[in-house]
Amino acid sequence: MTELNTALIEYCLRIADNSLIHAQRIADWTGHGPILEEDIAMSNVSLDLIGQARGFYTYASQLEGNGKSEDFYAFHRGERDFRNRLMVEQPDLKDFGFTMMKLFLNGCFDYLFFRDLMKSNDETISGLAAKSIKEVTYHVRHAGDWVVRLGDGTEESHQRIQKSLNELWPFTNELFEQNEVDELLIQNGAAFNKKELKAEWEAMVNEIITKATLKIPSDSTYFYSGGINGVHSEHLGFLLAEMQYLPRMYPDAIW
Amino acid sequence: MDVKVKTDDLSAKETAFNDSIKDGKVIEPKDWMPEKYRKQLLRMMSQHAHSEVVGMLPEGNWITRAPSLARKAILIAKVQDEAGHGLYIYSAAETLGMDRSEMVDQLLSGKAKYSSIFNYPTLTWADIGAIGWLVDGAAIVNQTVLAKCSYGPYSRAMLRICREENFHNKQGYQILAFLMRGTKEQKEMAQDAMNRWWWPSLMMFGPSDKDSPNSADLLKWKVKLYTNDDLRQRFIDRTVEQAEAIGLKVPDDKLKWNEETRHYDFGEINWEEFFQVINGNGPCNKLRLKQRNDAHSNGQWVREAAKAYAEKRKAN
Ligand SMILES: [Fe+2]
Ligand SMILES: [Fe+2]
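Given the structure is predicted, the values throughout are model-derived calculations rather than measurements.

A. Local environment of helix α10 (residues 235–249) of chain A. Relative to the 21 Å expected for 15 residues at 1.5 Å per residue, α10(A) spans 21 Å between its end C-alpha atoms, a close match to the ideal helical length. Along α10(A), the largest kink reaches about 50° and is centred on A:Met243; proline A:Pro247 follows within four residues of it. Taken as a whole, α10(A) has its buried residues at A:Leu236, A:Leu239, A:Leu240, A:Met243, A:Gln244, A:Leu246 and A:Pro247. Against α1 (3–27), α3 (70–75) and α4 (86–89) of chain A together with α4 (69–94), α6 (125–146) and α8 (184–203) of chain B lie the buried residues of α10(A).

B. Molecular detail of the coordination of the iron ion (ligand 2). All names here are of chain B. For the iron ion (ligand 2), every protein donor is listed as Glu82 (OE), Asp136 (OD), Glu165 (OE) and His168 (ND1), and the spread of their distances is 1.9 to 2.2 Å. Considering all four donor atoms around the iron ion (ligand 2), angles at the metal cover 88 to 166° and the coordination shape is irregular. The sequence pattern describing where the donors of the iron ion (ligand 2) fall on their chain is E-x53-D-x28-E-x2-H.

C. The coordination of the iron ion (ligand 1), seen in detail. All names here are of chain B. Protein coordination of the iron ion (ligand 1) is provided by Glu52 (OE), Glu82 (OE), His85 (ND1) and Glu165 (OE), with donor distances spanning 2.1 to 2.2 Å. Taken together, the four donor atoms coordinating the iron ion (ligand 1) span angles of 80 to 151° at the metal, a pattern that classifies the geometry as irregular. Between the donor residues of the iron ion (ligand 1), the gaps in sequence give the motif E-x29-E-x2-H-x79-E.

D. Seen up close, the interface of chain A and chain B. Taken together, the contact between chain A and chain B spans 49 residues of the former and 47 residues of the latter. Across the chain A/chain B interface, buried area totals approximately 4100 Å², and carbon plus sulfur atoms make up 69% of it. Scanning the region where chain A abuts chain B turns up three salt bridges. The partner of B:Arg100 in a salt bridge is A:Glu37, with the nearest N and O atoms 2.8 Å apart. Mapped by element, the contributors of at least two residues to the side of chain A that touches chain B are α1, α2 (36–64), α3, α5 (96–117), α6 (123–151), α7 (155–168) and α10 of chain A. When residues in the side of chain A that touches chain B are grouped by element, the largest group, 11 residues, is from α2(A). In the side of chain A that touches chain B, the residues fall into 23 nonpolar, 12 polar and 14 charged.

E. Representation of the environment of B:Asp253 in the model. All names here are of chain B. Along the polypeptide, Asp253 turns up in the loop between α10 (228–245) and β1 (256–258). With relative accessibility at 77%, the residue Asp253 sits in the exposed group. Measuring from C-alpha to C-alpha, the distance between Asp253 and Leu219 comes to 33 Å, with 34 residues separating the pair along the chain.

F. Highlighting the side chain of B:Lys78. Relative to the helices and strands, B:Lys78 resides in helix α4. Beyond its immediate sequence surroundings of up to four residues, B:Lys78 is in contact with B:Glu59, B:Asp136, B:Phe167, B:His168 and B:Gln171.

Calculation notes
- Residues numbered from 1 in each chain as written.
- Chains lettered and ligands numbered in written order.
- Predicted model: local features only at pLDDT ≥ 70, side-chain atom pairs only at ≥ 80, totals over all residues.
- Heavy atoms only, no water.
- Helix = DSSP H or I, 4+ residues; strand = E, 2+ residues; numbered from the N terminus.
- Expected span 1.5 Å × (residues − 1).
- Bend = angle between axes of the 7 residues up to and from the residue.
- Buried < 20%, exposed > 50% of the residue type's maximum accessible area, 1.4 Å probe, protein only.
- Contact = heavy atoms within 4.5 Å.
- Donors = N, O, S within 2.8 Å, 3.2 Å for Na, K, Ca; no water.
- Tetrahedral: all angles 85-135°; square planar, octahedral: opposite > 155°, others 65-115°.
- Buried area = accessible area lost by both parts, 1.4 Å probe.
- Salt bridge = Lys/Arg side-chain N within 4 Å of Asp/Glu carboxyl O.
- Nonpolar A, V, L, I, M, F, W, Y, C, P; charged D, E, K, R; others polar.

Structure follows, in structure tokens:
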């Protein structure tokens, strides 16, 4: 396998893992949303994200060429193998504002990221990005609307959503993190420099945060990182234990 | 005197109403209807909507543990459909003069009922198959008939919902079919789910009509078109063969094809259990009510914020 191929596989797994872990968190809301309409909306979002994960896992398996299925990647890898960003694995604890803020911050980045990736010279990747960006556009709009409503709603909601923003902000630096895998793919025209998205992402986020009468925390001295190297927060292990238990318990079973 | 005239007047109206139903007229929200018709329908429709919403809980319980990505996606979509059914039936019920929020309050306070089946726990993945196949299967039998009921908004809601229920039914059956083709443990898991869900599914059709206080009126008004026992029989007849096709055993020693009646004979239903469950003493009644109440109170600040925000926009 060429170095480029290995890098592409790694890249696909990052995207897929991120979508899957995020979907798993949001899907946990099913049946417990603040209103029935939001239950439906959150199901839509998690279905979109699962669809993205399946698309990128399937491509990773084609690149690996060893007949691994999408389910292999989702259910038979451990904590240190997952490449998702730490933000998405953070538990929502049934705080709707936290979920929407997470979806918003993450979604703004994904929007810009997929927009670039649509120009990838790898046709499968550009195709998957084109499909994903439509979904992400909706996620950003939906979550952004809620951020504004909650920010500019009641005194209580303002405080709560500000707290969520404060808690999630230290995870945002990781959105732009990259390593030699990115470098190689950028050189080859398959991927793009994420660092160049930062200004645009900030503008996108700022617009909504201002509209929501919220403040970006200025005293964030610590920023989390580690997802691209499989170094996660303590929460991921529990999420995987729950998600993977059946296929792990019955490795020969087909479902 | 006045009172008497009014009574006569009303009963003349009611006679005309009954006749028009006999002739197959569909009643629309603006039409005159007897108060009892309105009340019974409202009770049935709100219970139905509550059942869709509470029904999301036992299945939602397995979303984060679904054993493949495809199954996870199907299950989310299925439970999402149920939320849609709830919404759709609530708004059909609102045409009878009660707000959704009031109906929801009745559910949360424990005053309103919902289908007894959702007071049973989903213990293994096979239960998700059993619910789709048996519970949605029973719902299809009920709802196909309700699609021809005399109240327009309800019948149209049922028509739309039935299409989705067929997909629910198939995915449930497919889950069990896969398990029955699988390992020894998978087969045991499937049969165990069958054993636990079969009888509660039969109870979904309600008590025998002689013990069902509202049946006569509902039949006269074509809110119901068949008796509970008829529908239960219909469900059993179509389900037994499906069970046999994948090697599942129906947990009923008395179950036997009757050549004369062209129906399956079956054993005695444990009505004591049924009444215990609908009176709040099933294995999950308290949990389900708590889950709904928690979701509602956790979401209170969100709903308040949305309202406050909308009012600010209106003011500006
Ligand atoms: Fe339904
Ligand atoms: Fe259903």
